[in-house]
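Below, each chain spelled out in residue letters.
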Amino acid sequence: MKRFIATTALTVMMATSAFAEGVVHRVAVHVDQNDPQVMNMALNNVANLTSYYEAQGDTVMVELVAYGPGLNMFVPGKSPVEDRISTMSLEMENLSFAACGNTLRNMSKKAGKDITLMDEATIVPSGVVRLIELQEKDYAYIRP
């Protein structure tokens, strides 16, 4: 009887610990300022939270959403974090970048020509709407 109880307790402990490991976290990072410090802080947050969760045995999915003046972080030749975005994109499979289509259209109209974005950025119809969609999918919201 003692052996049965010990075996059952061990089985329950192992099953519980298996469920505790390997949690998937989802994080939306919001950038709406054309400020190199804010952009770098956002990228630092991404790197730090990824390192933390990976050290815990968990995974984390991160989407950085930029709109308004923050969209400049995705404009080649203008972005103060262009090299960093390229490097992080290659090193971190858990990271994606979303660019606001509304802002891009307005920037292009104001410039009188099409503005191109870095290849790493995926254009979404609206940055604000994208943040809402992510939060509705249980993404934690971070704004550096």
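Report on the accompanying structure. Model, not experiment: these values are computed from the prediction. (Residues numbered from 1 in each chain as written. Predicted model: local features only at pLDDT ≥ 70, side-chain atom pairs only at ≥ 80, totals over all residues. Heavy atoms only, no water.)

### Description of the packing of helix α2 (residues 36-55) against helix α3 (residues 82-91)
Phase 1 of the analysis: For the pair α2 and α3, interaxial distance at closest approach is 11 Å and the crossing angle is 15 degrees. Classed by the angle they form, the pair α2 and α3 counts as roughly parallel. The hand of the α2/α3 crossing is left-handed. Of the residues in α3, those in contact with Asn40, Leu43, Asn44, Val46 and Ala47 of α2 are Arg84, Ile85 and Met88. (Axes fitted to C-alpha atoms, helices over the stretch in contact; angles between N-to-C directions. Helix = DSSP H or I, 4+ residues; strand = E, 2+ residues; numbered from the N terminus. Parallel < 35°, antiparallel > 145°, perpendicular 65-115°, else oblique. Left-handed = near helix turned anticlockwise from the far one by under 90°. Contact = heavy atoms within 4.5 Å.)

### Overview of the nonpolar core
Phase 1 of the analysis: Residues Leu43, Val62, Leu64, Met73, Phe74 and Ile85 are the most contacted members of the largest nonpolar core, which totals 30 residues.
Phase 2 of the analysis: Of all elements in the fold, only β1 (24-31), α2, β2 (59-66), α3, β3 (95-100) and α4 (101-111) reach the threshold of two or more residues within this core.
Phase 3 of the analysis: The element that contributes the greatest number of residues to this core is α2, accounting for six residues.
Phase 4 of the analysis: Those residues in contact with Leu43 that sit more than four places away from it in its chain are Leu64, Met73, Val81, Arg84, Ile85, Met88 and Phe97. (Core = buried A, V, L, I, M, F, W, Y, C linked by side-chain atoms within 4.5 Å. Buried < 20%, exposed > 50% of the residue type's maximum accessible area, 1.4 Å probe, protein only.)

### Some details on the pairing of β2
One face of the sheet, then the other: side chains in a regular strand alternate in exactly this way.
Phase 1 of the analysis: When you tally the buried positions in β2, you get six out of eight residues, the bulk of the element.
Phase 2 of the analysis: Taken together, β1, α2 and β2 constitute a β-α-β crossover, and its handedness is right-handed.
Phase 3 of the analysis: Here β2 pairs with β3 via five bridges, running parallel. Among the inter-strand pairings, Glu63 is bridged to a residue of β3, identified as Ser96.
Phase 4 of the analysis: Handedness of the crossover is the feature at issue here: the chain leaves β2, passes through α3, returns alongside β3, and the resulting connection is right-handed. (Right-handed = clockwise from strand over helix to strand, strands pointing away. Pairing = 2+ DSSP bridges.)

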